[in-house]
Amino acid sequence: MKVHPISPVPLHKRLRVLWKRLYLYPAPEPLAHTRLFWFAFSLVTLVFLLFSGFFICYLTHLQAAYATNAEDLGIMDQAIWSTVHGQILHQTICNTISDTNCASSEGITRLAIHVEPILFPISLLYLLWPDPRTLLVLQTIVVAAGAYPAFWLARLRLRNELAAVAIALLYLLYPAQQQATVSDFHAVTFTASLLLFTFYFLYTRRTGWLFVCAFLSMACKEEIPLVIAMFGIWSMLFQRRWRVGLTLMLSGLLWFCLAFYVIMPHFSPTGQPLLISRYTDLGQGPVQAVISIFHDPGAFFRQYVLEKDHFAYLHVLFSPAIYLPLLAPWVLIMTVPSLLINLTSSSKDMYSGLYQYNAEIVPILIIATIETLVLLLWLARLIKINWKPVTEKTRQALRNAHLYFPIWRYTDFMKGGILAVLLGLVLFSSVRSDFYYHGHMPFSQGFSWPTQSAHTALAQQLIDEIPTDVSVSAQSQLVPHLSHRSDIYLFPYAVDQAQYVFLDVTSDVYPYYSFHDYLQAVKSTLSSGQYGIIAAQDGYLLLGRGLSLTDTVSCPTNEQDPYNNSGPVLSSLLGNVCSQPSSTAL
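Every chain's residues receive numbers from 1 upward, in the order its sequence appears when written. Only residues with pLDDT of at least 70 get local features here, since the model is predicted, and only at 80 or more are side-chain atom pairs given and counted; chain-wide, interface and lining totals rely on the full set of residues. Hydrogens and waters are ignored; side-chain quantities use all the structure's heavy atoms.

Colleague: Even after reading the chapter, I still don't get the pattern of salt bridges, so can you show me in this structure?
Modeller: Note that side chains of opposite charge can pair when their charged atoms are close. Definition used for salt bridges: Asp or Glu carboxyl oxygen within 4 Å of a side-chain nitrogen of Lys or Arg. What the rule picks out here adds up to five salt bridges. Residue Arg 110 is joined to Glu 116 by a salt bridge in which the shortest nitrogen-to-oxygen separation is 2.6 Å. When sorted by exposure, Arg 110 lands in the same class as Glu 116, which is buried. Residue Lys 221 pairs with Glu 223 through a salt bridge whose shortest N-O separation is 3.6 Å. Buried, partly exposed and exposed residues are distinguished by accessible area as a fraction of the type maximum, computed with a 1.4 Å probe on protein chains only: under 20%, between the cut-offs, and over 50%, respectively.

Laid out in structure tokens, this is it:
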């Protein structure tokens, strides 16, 4: 019998098969809604409610305890309050010491700094509840809702309901996400969940909801359209959805160019975005920055990746997921725009791992973690096990002794074991990061519940003495309680023209980094002769423009001032004009 040789498979066909197996994302096969699904869905809802309830209580108590800040809860509150009072996103709060966001004491529209059109529909909530706590509650609920797309996506990719619950929990525990949630209020923080919704609808090919979520995401900040453009490129490459992907990419690029090159320069008093000075080391504008990076990538890598602080920042981002996202570079590449913005900034806050700057990075890290797990499970199936031949008689004997396990049972067991171990490590690492690194959970190191006190109650009494239609220059943690007015400033801004100055020498002295510099600024204000002292009590200084310096001064003794020994501080500030407390004091 003549045997015909088997012709070798052409290389291009082999590559095509490999591409389809590893990289293409066809429409997912649906999973039935079994009892296990509803049990898992109930668990996700439970953790959603626990997360929302805890952080709503925590953040609203921070506001009540005067532990929120001018930057940025005061800024956002004033901008939104101004919008419903006829001044579109008007803000006067800025940092004159170490930032470039101050242009005029008359204020600017926020569009000169960031393009966040989502603030317009949010401002309608102030018609019902005009309070900074509205923003904190809304932000917490939106962020917590990201647990659902994380669960749905992981369920479809991993084909395991309980593993999907673990992914939803990972999202809620992720330290960078929690940092964004507790850092006052920022529209960009919404993208922690909105981008997860966007990718979920992109993966499941639900085009209508995809564009709704993409639009909402881009409306949160001017750089998010670049992330959406990356989503579009990903869809073209890995889903072969050319029209949808191209529409996303072009929409993102067009939106970014419109925001960066048209809207912000138009509204900025300098003719360019007010924060552009943070990026002058790489050239003027994004195009020159990209050219600089490609001109000398080695220097860029050494300066912005391997440098100690920058490398530590990357560790903060990736370590909670035990660096699994690095094994899915085809997903992780979507973080490039946001990572470049943070790494190349001259503001260290942006690559500290703290604050809101990583909100849009977290969802992609979650997606990359899911895809890495899918990859590792696929590789596990390639492990070949050499089985010795087993006769039917032996096989039947093993069955009778309940010792026979077919290969498919072994594979399922191995798959479940790998998932359990990896997810256990990831959750442990995330909880560990929450404990040791600026966590905000009850178990976190150094965590304390914000509480009101006689000191904060006195602050409210003094605020009630300030008319609502006057200009005020106030200390950072006092500003969010005074920001429902057209002219509110972060001390020392506008001390030469504000009608009132309200300070707390026991509080955070931001934007100063030195208490000595702060005291010098207070002394300079007092010695200017432009203000009289309305009240000086318990560390507070309330000054009124045009009053005599000794009009109604009252200074506490040490015994009456348990707050950081502020009595001597006030006495040293007021000098000879400081009198003893009287019954006519506030």
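Colleague: What am I meant to see in the packing of helix α2 (residues 35–64) against helix α6 (residues 147–158) here?
Modeller: Simply put, an axis is a line fit to the C-alpha atoms, just over the touching stretch for a helix, and the angle between two N-to-C directions goes from 0 to 180 degrees. What counts as a helix is a DSSP run of H or I of at least four residues, what counts as a strand is a run of E of at least two, and both are numbered from the N terminus. One can describe the packing of α2 onto α6 by two numbers: an axis separation of 10 Å at closest approach and a directional angle of 150°. Of the possible angle classes, the one that applies to α2 and α6 is roughly antiparallel. Considering how the two elements wind past one another, α2 and α6 form a crossing that is right-handed. Note on element contacts: α6 touches α2 through Ala 147, Tyr 148, Phe 151, Trp 152 and Arg 155, opposite Phe 37, Ala 40, Phe 41, Val 44, Thr 45 and Phe 48. Of the residues in the contact of α2 with α6, the class split is nine nonpolar, one polar and one charged. Each angle is binned into one of four classes, with values under 35 degrees roughly parallel, values over 145 roughly antiparallel, values of 65 to 115 roughly perpendicular, and all other values oblique. A clockwise turn of the near helix away from the far one marks a right-handed crossing, whereas an anticlockwise turn of less than a right angle marks a left-handed crossing. Any two residues having at least one pair of non-hydrogen atoms within 4.5 Å are treated as being in contact. Gly is placed with the polar residues, together with every amino acid not listed as nonpolar (Ala, Val, Leu, Ile, Met, Phe, Trp, Tyr, Cys and Pro) or charged (Asp, Glu, Lys and Arg).

Colleague: Hey, could you run me through the environment of Gly 271 in this one?
Modeller: Secondary-structure assignment places Gly 271 in the loop between α12 (242–267) and α13 (286–295). Spatially, the C-alpha atom of Gly 271 lies 9.8 Å from that of Tyr 261, the residues being 10 residues apart in sequence.

Colleague: Quick question: what am I supposed to make of the side chain of Thr 92 here?
Modeller: With respect to the helices, strands and loops of the structure, Thr 92 is situated in the loop between β1 (90–91) and β2 (108–109). Thr 92 gets classed as buried once you look at its relative accessible area, which sits at 2%. Under the rule applied, a polar contact is a pair of N or O atoms within 3.5 Å (in protein, one hydrogen donor and one hydrogen acceptor; residues adjacent in sequence only if both atoms are side-chain atoms). A polar atom in the side chain of Thr 92 sits 2.6 Å from the backbone oxygen of Ile 488.

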